[in-house]
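# Survey of secondary and tertiary structure
Here is how the chains run, residue by residue.
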Amino acid sequence: MVERENCVYTACFCEENVYKFISENSGHFEDMFAVFISNPLKQCAIWYQKMSEDPTVIPVCWDYHVVVIAKKSLNFLVYDLDTALSFPCPLEEYLSQCFRPSPSEISQWWYQFAIKTGHYFRPVNSYDFLETFSSDRSHMIDKTTGRWNSPPPKYEPIFKPDLGSTLLDFLDFENTSLPGKWLDYDQFSQYFSN
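Another point: the packing of aromatic side chains. As enumerated under the stated definition, the model contains 25 aromatic pairs in all. Here the aromatic rings of Trp109 and Trp110 are separated by 4.9 Å at their centres, their planes lie at 85 degrees, and the arrangement is edge-to-face. A connected cluster of aromatic rings, assembled from ring pairs, spans Phe33, Phe76, Tyr94, Phe99, Phe121, Tyr185, Phe188, Tyr191 and Phe192. Against the face of Tyr9 rests Lys50, its NZ or CZ located 5.4 Å from the ring centre. Positioned above the aromatic ring of Tyr185 is the side chain of Arg100, whose terminal nitrogen or guanidinium carbon lies 3.8 Å from the ring centre.

Below, the discussion takes up the nonpolar core. Ranked by size, the top nonpolar core spans 30 residues in total, and within it Phe99 and Phe188 carry the most contacts. Mapped by element, the contributors of at least two residues to this core are strand S1 (31-38), strand S2 (44-46), strand S3 (60-62), strand S4 (65-72), strand S5 (75-79), helix H2 (91-99), helix H3 (108-117) and helix H6 (185-191). If one sorts the elements of this core by residue count, H2 sits on top with 5 residues. Apart from the residues within four sequence positions on either side, Phe99 is in contact with Ile37, Ala45, Ile46, Tyr94, His119, Phe121 and Tyr185. Counting 28 residues, the second largest nonpolar core, distinct from the first, contains Ala34, Val124, Phe170 and Trp182.

The rules behind the values
Residues numbered from 1 in each chain as written. Predicted model: local features only at pLDDT ≥ 70, side-chain atom pairs only at ≥ 80, totals over all residues. Heavy atoms only, no water. Phe/Tyr/Trp six-rings, centres within 6.5 Å; stacked < 30°, edge-to-face > 60°. Lys NZ or Arg CZ within 6 Å of the ring centre and 35° of its normal. Core = buried A, V, L, I, M, F, W, Y, C linked by side-chain atoms within 4.5 Å. Buried < 20%, exposed > 50% of the residue type's maximum accessible area, 1.4 Å probe, protein only. Helix = DSSP H or I, 4+ residues; strand = E, 2+ residues; numbered from the N terminus. Contact = heavy atoms within 4.5 Å.

Okay, here's the thing in structure tokens:
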């Protein structure tokens, strides 16, 4: 079992956290995926995030988020270093709690917002992700001040000069040059049902 406290973690750099998790733990699982979560508006409400003042009621509205889904003994488990849920969390529980909470337990405004903006998922096989992910971290630098929006990881960027920075390409809903394709909530649930 992979423990949360043993994972490489930097707040607001979920894509790199996932890269490190996959590269360090692939031998523990039958299959692994990096999963990008977003929507065309880049306003994705996700409940049960540690950053929220009340994770069960108030979601965090990410422009995107990235988690790991790993298969072990026929079960799909979510490894999200930012969740307030268990680590790992069974996929069905993660999806229902983070993306389909009971409307009676949350504000109607957030419920309507989540329904209107939607949740989309781009699962990428771990091998393909390790081969094609590259980031120069420039998306985390404020364009007017030149300062970091959030302190970066202490290690060097996961940047592959021959690829350039591919993070924003993975998040582009029109880009099909990289592995994985965008799925809506129902398609994504079905993708991991077998």
